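Each chain is listed here by its residues.
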Amino acid sequence: MPTHEQLAAALDRVTDPVSGRGLIASGRAAPPRGERTVDVVLDVSGLDDPARARLEADVRVTLGALPGVEGVRVAMTAQRAAAPRLIAVASGKGGVGKSTVAASLAVALAKRGIKVGMVDADIYGPSQPRLLDADRKPEAESNKLIPVDTRHGVPTLSMGQLVAPGQAIAWRGPMAGNALTQLVDAHWGDTQALIVDMPPGTGDVQLSMIQKHRPAGAVIVSTPQDLALIDATRAIDLFNKANVPIIGLVENMAGYACPKCGEISEPFGRGGAEAEAARLGMPFLGRIPLAIEIRTASDAGQPDIAPFAAVADGVANWLNR
Ligand code: ADP
């Protein structure tokens, strides 16, 4: 059976009639999937019907000639915005600053020119409407929600926009799943990356969210305490089991930044999360101090992005890799 690399190389030997380059090099096709039966998705925008048919035949003949390939399925799409890639921001327990990290990361990515949206999947304690100043009710069009625009350039959807503030949300499993699907399958337009502020912990809602919506990657937020790291390890396991790559670990509330002199003291010691990341073989994205400005900026709906620069760079590099 051909490897994925061999399949991709074969597909790239077929020439794109417009650019004269290989189908993959020209962006006309994504790397094929499958083994015995190979699936190819062709973007046929700009080609007339005979050209589409010729291209399809070329692809079938070329891939069908590889030893071990028994069938070739070709799907043709006219160019349309690709679905955004989901980046889950998760933690093993509540109160570690997951929502704060998610909001600042989203705004920092938007500042870097990435089209980013926010899905607040923390349906039991939705805080993104406040953090991103997005507490208006979303409109709907053809049965899909339209994300609420924010002054930070991060369109946002949250259950917090749909229910009265302070109202306890007692979702049971299936209802929670449906509610989350409405937030993810919304009119996201040409959004490239959707930051998903996950509910804290590793229960059924988290698992079904991951299985149903397949995040492209996950950012794990932890505080320096060992206990939080044990919890974080559970969150990491949840993504590992679902084969979702971990983009990296963020250590939040790592040391206390003195509001008077700026000096950082470290009551929980230093380097625990970084060592844990190394032990688990995953990137360490950065350390955010416990700082009053971070909390007051959050409360004011104006995320403080300066302390999150390294985290945002890490995620931007991962997206562009
Ligand atoms: P989670 O989403 O993990 O429950 P939040 O993001 O809601 O946590 O943060 C919990 C509280 O801690 C909020 O009041 C938030 O403003 C504050 N907070 C989070 N990170 C920091 C930080 N690095 N410095 C100061 N306060 C923080």
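Residues numbered from 1 in each chain as written. Predicted model: local features only at pLDDT ≥ 70, side-chain atom pairs only at ≥ 80, totals over all residues. Heavy atoms only, no water.

A. Structural detail: the overall build of the protein chain. Of regular secondary structure, the protein chain possesses 10 helices and 13 strands. The principal-axis extents of the C-alpha atoms in the protein chain amount to approximately 70 × 45 × 35 Å. Going through the 321 residues of the protein chain one by one, you find that 48% of them count as buried. Across the protein chain, 32 positive and 34 negative side-chain charges occur, with their mean positions spaced 1 Å apart. (Helix = DSSP H or I, 4+ residues; strand = E, 2+ residues; numbered from the N terminus. Buried < 20%, exposed > 50% of the residue type's maximum accessible area, 1.4 Å probe, protein only. Lys, Arg positive; Asp, Glu negative; His and termini not counted. Charge placed at Lys NZ, Arg CZ, Asp CG, Glu CD.)

B. Broad picture of the domain arrangement of the protein chain. Splitting the protein chain by domain gives domain 1 (4-77) and domain 2 (85-319). Distance between the C-alpha centres of domain 1 and domain 2: 38 Å. (Domains from an automatic or database assignment.)

C. Main features of the packing of helix H5 (residues 173-184) against helix H6 (residues 204-213). Running from amino to carboxyl end, H5 crosses H6 at an angle of 40°, the nearest separation of the two axes being 10 Å. With respect to each other, H5 and H6 are oriented oblique. H5 and H6 meet at a crossing whose hand is right-handed. When H5 is examined against H6, the residues Ala176, Gly177, Asn178, Leu180, Thr181 and Val184 are found in contact with a partner set consisting of Val205, Met209, Lys212 and His213. Classifying every residue of the contact of H5 with H6 by side-chain character gives 5 nonpolar, 4 polar and 1 charged. (Axes fitted to C-alpha atoms, helices over the stretch in contact; angles between N-to-C directions. Parallel < 35°, antiparallel > 145°, perpendicular 65-115°, else oblique. Left-handed = near helix turned anticlockwise from the far one by under 90°. Contact = heavy atoms within 4.5 Å. Nonpolar A, V, L, I, M, F, W, Y, C, P; charged D, E, K, R; others polar.)

D. Geometry of the site of the ligand. Close to the ligand lie 16 residues, the nearest being Gly95, Lys98, Ser99, Thr100 and Pro289. A distance of 2.8 Å separates an oxygen atom of the ligand from a polar atom in the backbone of Lys98. At 3.0 Å, a backbone N or O of Ala291 approaches a nitrogen atom of the ligand. Burial of the ligand by the protein chains amounts to 80% of its free accessible area of 560 Å². Only helix H3 (98-111), strand S11 (246-257), strand S13 (284-290) and helix H9 (292-299) provide two or more residues apiece to the shell around the ligand. Its residues assigned to classes, the shell around the ligand comprises 7 nonpolar, 7 polar and 2 charged. (Near = heavy atom within 4 Å. Polar contact = N/O pair within 3.5 Å; in protein donor to acceptor, adjacent residues only side chain to side chain. Areas by Shrake-Rupley, 256 points an atom, 1.4 Å probe, with all protein chains shown as cover.)

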